[in-house]
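As a plain string of letters, each chain reads:
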Amino acid sequence: LQRSDGSGSPRRKSKRFQDSSRARVPKNARCIIDPKSTYQGRWDIVMMVLLVYTATVTPFEVGFLDIADLLHPLNIVNRVVDVLFLQDLFQQFMSPFYHAESGGWVIHHGRIARNYLTGWFVIDFVSILPFSLLGRLMDSEDLEQLKILRVIRLLRLAKLLRIFRSSRIVKRYQSHIGISHATQTMIKFGVMIVTIAHWLACLWGVVTTVDNTMKYGNQVNWMRDYGMWEEIQGKPGRLYMSALYWATMTVTTIGYGDIRPTNESEQILCVLAMLVGASTYAYVIGNVCGVIALMDQATSKY
């Protein structure tokens, strides 16, 4: 569209203020999933449930569980999750994306595929690779000491890459949630702190399987140094609580020092955990103070 600016020369109409909520997908579009359809809304809910499961259960499984039975209920659930993530990957090739300059949804399959392949495809593809099955098939007494097997077990954490995709779903529903933006921000920061503490706790459990430093015939790790080896060994729940205790101390910068690193791998993880935890804690505290100060406008004005 063109219009004159009074000087006789045409000027292209600005698309800067186009509202994506008003754009519609043509009804005659073939093999295209309408982003505003009931099906897409329900599928987004399913994806959010799977992302929450992936963010909580997968790190715990890698850090504290070693399930050998392929028919174990947890392994079956994991395969179902992989299948649903695979379905979501194929659906992305039929999901249009909003083009700000044209002010509408792009429904051309070639452009949709190009946009997806140059965007989130790599993360989605890596997150559904069956590293757990590969590690289980390679698991044997002869390969137990090989570092490649430990690396494959750690690669199962690649599923966490899908968490970055959750922002797309959250933004879609954020404006429809019936609570204030300040409250949403407080909830987001609370979830952030809890999630980071959970992930650090699981990594604190993973590090004991990666580093096999031996001393006097025994493995050197934080579990033995903690002085509760007999109580927590073989008890995933007890191990997790001890690791979460350490992670919470690290994130909140308290650091009692009763659980400490005992080998090089644990020291490296501690350094990274302190940097990430302290930065996150400072960021959250600074923003929370700002949000609380602006929540009651009447009091602030008074």
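Remember, predicted model here, so these are calculated numbers, not experimental data.

Participant: Could you give me a rundown of the overall build of the chain, with the residues and numbers involved?
Facilitator: Along the chain, the regular secondary structure elements total 13 helices and six strands. In the chain, once contacts between residues fewer than 6 apart in sequence are set aside, the share between residues at least 24 apart is 67%. About 18,700 Å² of surface is accessible on the chain, with carbon and sulfur atoms providing 63% of the total.

Participant: An account of the packing of aromatic side chains is requested, with residue identities and associated values reported.
Facilitator: This structure, assessed with the given rule, holds 12 aromatic pairs. Plain terms: the ring middles of Tyr116 and Phe121 are 5.7 Å apart, the flat faces sit at 85° to each other, and that makes the pair edge-to-face. Taken together, a centroid distance of 6.4 Å and an interplanar angle of 15° make the contact between Tyr245 and Tyr256 stacked. Here Tyr256 lies in the loop between α11 (236-251) and α12 (264-295) and Tyr245 lies in helix α11, a separation of 11 residues in the sequence.

Participant: How would you sum up a nonpolar patch on the surface? Please name residues and give values.
Facilitator: Residues Ile268, Val271, Leu272, Met274, Leu275 and Val276 make up a contiguous nonpolar surface patch of about 560 Å² in total accessible area. Position of Val271 among the secondary structure elements: in helix α12.

Participant: Please give an account of helix α2 (residues 73-91) that cites residues and values.
Facilitator: Its 19 residues place the ends of α2 27 Å apart at the C-alpha level, agreeing with the 27 Å of an ideal helix rising 1.5 Å per residue. Buried residues along α2 sit against α1 (38-64), α3 (109-117) and α4 (121-127).

Participant: Could you give an account of the pattern of salt bridges, naming the residues involved and the relevant values?
Facilitator: Going through the model one piece at a time under the given rule, you end up with one salt bridge. With a closest N to O distance of 3.0 Å, Arg79 and Asp82 form a salt bridge. With Arg79 and Asp82 both in helix α2 and three residues apart, this pair spans about one turn of that helix. Residue class for Arg79 comes out partly exposed when judged on its relative accessible area of 23%.

Participant: Can you break down unusual backbone geometry residue by residue, with the values?
Facilitator: One non-glycine residue, Cys31, adopts positive backbone phi at about 55°. Checked against the element boundaries, Cys31 lands in the loop between β2 (10-12) and α1. Classification of Cys31 as exposed rests on a relative accessible area of 57%. One non-glycine residue with positive phi stands out, namely Thr253, at about 60°.

Participant: Please provide a residue-by-residue account of the environment of Leu84, values included.
Facilitator: One can find Leu84 in helix α2. Assessed through its relative accessible area of 22%, Leu84 is described here as partly exposed. With 34 residues separating them along the chain, Leu84 and Leu50 place their C-alpha atoms 8.6 Å apart. Other than its neighbours up to four places away in sequence, Leu84 contacts Trp43, Met47 and Leu50.

Participant: Give a description of the nonpolar core that names residues and reports values.
Facilitator: Ranked by internal contacts, the top residues of the largest apolar core, which has 20 residues, are Phe64, Leu200, Trp204, Trp222, Ala243 and Trp246. For this core, the elements supplying multiple residues, two or more each, are α8 (181-210), α9 (222-225), α11 and α12. Those residues in contact with Trp204 that lie beyond four places of it in its chain are Trp222, Ala243, Trp246, Ile259, Arg260, Pro261, Glu266, Leu269 and Cys270. Among the nonpolar cores identified, the runner-up in size contains 12 residues, and Leu50, Leu51, Ile67 and Ile128 belong to it.

Participant: So what's going on with the side chain of Asp88? Which residues, and what values?
Facilitator: Note on placement: Asp88 falls in helix α2. Not counting the four nearest positions on each side in its chain, Asp88 is found in contact with Trp43, Met47 and Arg162.

The rules behind the values
- Residues numbered from 1 in each chain as written.
- Predicted model: local features only at pLDDT ≥ 70, side-chain atom pairs only at ≥ 80, totals over all residues.
- Heavy atoms only, no water.
- Helix = DSSP H or I, 4+ residues; strand = E, 2+ residues; numbered from the N terminus.
- Contact = heavy atoms within 4.5 Å.
- Areas by Shrake-Rupley, 256 points an atom, 1.4 Å probe, with all protein chains shown as cover.
- Phe/Tyr/Trp six-rings, centres within 6.5 Å; stacked < 30°, edge-to-face > 60°.
- Patch = residues over 30% accessible without salt bridge, like charges linked within 9 Å, V, L, I, M, F, W, Y side chains within 5 Å.
- Salt bridge = Lys/Arg side-chain N within 4 Å of Asp/Glu carboxyl O.
- Expected span 1.5 Å × (residues − 1).
- Buried < 20%, exposed > 50% of the residue type's maximum accessible area, 1.4 Å probe, protein only.
- Core = buried A, V, L, I, M, F, W, Y, C linked by side-chain atoms within 4.5 Å.

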